[in-house]
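# Results of the structural survey
Chain by chain, the residues run as shown.
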Amino acid sequence: MNEAQFERLLNINTAGFQHGFPKLTQYHRYEPTPYEGLEQLFEQYELPEKARVIDIGCGKGRVPIYMHYRFHIPTSGIEMDQKFFFEAANNRELYLEKAKKKHLPITFLHMLAEKYEINARDNVFFFFNPFSIHIFRQVMSNILYSYEQYPREIHLIMYYPAYEYMAYLEYETAFERLVEVKLANEKNENERIVVFTLNG
């Protein structure tokens with residue numbers, strides 16, 4: 001399926017790019033995660049048991065809704081931009097209508113990612129280069145603190161990972177590469193998905 005077909009299937013509207021620059025320079029502009037890339041990822045990668053997904057910088061909510069639809073698991077999205085947060089919440093309601101349900105375990109939070117208190121059950125974190133390495137380190141510090149308090153298997157899904165993110169994870173943490181998906185029809189080596197794991 002193409003992008004428009006996926007949007008119709010899920011009954012949501014998450015297309016389009018952010019014009020201009022975010023209000024905070026440490027944060028990157030919105031760009032929706034391609035459905036084609038997500039499909040390729042899950043052809044080669046399996047989520048951990050009792051997966052609970054947190055999309056860091058979720059924009060209009062595409063990834064949490066897609067992953068709930070595909071796997072029927074709890075998903076959450078964290079978004080600092082108020083406009084995108086409202087669009088994500090609206091997309092959730094549209095998806096609920098299509099699913100003909102009143103409640104689904106999909107939540108969106110309007111806040112800075114580094115302020116989010118990691119839940120002991122959160123075990124899959126999705127990143128599409130949402131912010132600078134400085135903010136990424138803060139978020140990772142929160143994840144690692146949660147891991148120390150509640151040891152468990154944690155996965156990080158890095159979509160188009162920045163070099164700085166990769167270097168930090170490989171040289172400064174105990175995370176290990178689990179899967180690397182080189183996306184079809186892409187020539188740039190950064191256009192890949194890398195999954196890291198930390199086992200409890």
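The following paragraphs examine the structure supplied in this document. (Residues numbered from 1 in each chain as written. Predicted model: local features only at pLDDT ≥ 70, side-chain atom pairs only at ≥ 80, totals over all residues. Heavy atoms only, no water.)

### Points about the packing of aromatic side chains
Each pair of aromatic rings is reported with the distance of its centres and the angle of its planes. Going by this rule: Aromatic contacts are taken between Phe, Tyr and Trp rings whose centres are within 6.5 Å, Trp giving its six-membered ring; a plane angle under 30 degrees counts as stacked, one over 60 as edge-to-face, and the others as tilted. Counting from the N terminus, the helices are DSSP H or I runs at least four residues long and the strands are E runs at least two residues long. Each residue is assigned to one of three classes by its accessible area relative to the maximum for its type, calculated with a 1.4 Å probe on protein chains only: buried under 20%, partly exposed between the two thresholds, exposed over 50%.
One pass over the structure, following the stated rule, counts 14 aromatic pairs. Taken together, a centroid distance of 6.1 Å and an interplanar angle of 70° make the contact between Phe-6 and Tyr-66 edge-to-face. Here Phe-6, found in helix H1 (residues 3-10), pairs with Tyr-66, found in helix H3 (residues 62-71); they are 60 residues apart in sequence, far enough to count as distant. No difference in accessibility class separates Phe-6 from Tyr-66, as the two residues are buried. A connected cluster of aromatic rings, assembled from ring pairs, spans Phe-6, Tyr-35, Phe-42, Tyr-45, Tyr-66 and Phe-71.

### Let's talk about the side chain of Glu-79
Selection criterion: Charge assignment: positive for Lys and Arg, negative for Asp and Glu; neither His nor the chain ends contribute. In the sections that follow, a salt bridge refers to a side-chain nitrogen of Lys or Arg positioned within 4 Å of a carboxyl oxygen of Asp or Glu. N or O atoms closer than or at 3.5 Å make up a polar contact, with two conditions inside protein: a donor-capable atom paired with an acceptor-capable one, and, for residues adjacent in sequence, both atoms drawn from side chains. Residue contacts follow a heavy-atom distance rule, with two residues in contact if any of their heavy atoms lie within 4.5 Å.
If you trace the backbone, Glu-79 turns up in strand E2 (residues 75-79). Among buried Asp, Glu, Lys and Arg side chains, Glu-79 stands out as unpaired, with Lys-83 the closest opposite charge at 10 Å. Within polar-contact distance, the side chain of Glu-79 engages the backbone nitrogen of Cys-58 at 3.5 Å. Ignoring any residue separated from it by four or fewer positions in sequence, one finds Glu-79 in contact with Gly-57, Cys-58, Gly-59, Phe-84, Phe-85, Leu-109, His-110 and Met-111.

### Side note on the sheet that holds strand E5 (residues 154-159)
Hydrogen bonds between backbone atoms are what pair the strands of a sheet, whose relative direction is either parallel or antiparallel. Condition: A pair of strands is treated as paired once DSSP finds two or more bridges between them. All axes here are fitted lines through C-alpha atoms, helices being fitted over the stretch that makes contact, and every angle between N-to-C directions spans 0 to 180 degrees.
Ordered in space as E3-E2-E1-E4-E5-E7-E6, the seven strands form an open sheet in which the pairing is mixed. Only two strands of the sheet have a single partner each, and these edge strands are strand E3 (106-110) and strand E6 (176-182). Across the sheet, the mean angle from the axis of one strand to that of its neighbour is 15°, orientation sign disregarded. Sheet topology note: the E5/strand E7 (residues 192-198) ladder contains six bridges and is antiparallel. Counterpart to Leu-156 in the pairing with E7 is Phe-196. Sitting on the sheet, helix H2 (residues 35-44) touches strand E4 (124-127), E5, E6 and E7, and the angle it makes with E6 is about 130°. Helix-sheet contacts for helix H4 (residues 82-99) involve E2 and E3, and the interaxial angle to E3 is about 165°.

### Quick look at the environment of Tyr-66
In this structure Tyr-66 comes out as buried when scored by relative accessible area, which is 2%. Measuring from C-alpha to C-alpha, the distance between Tyr-66 and Tyr-95 comes to 9.8 Å, with 29 residues separating the pair along the chain. Those residues within four positions of Tyr-66 in sequence are excluded, and the remaining contacts are Phe-6, Leu-10, Tyr-35, Leu-38, Glu-39 and Phe-42. At 2.4 Å, the side chain of Tyr-66 and the side chain of Glu-39 are in polar contact.

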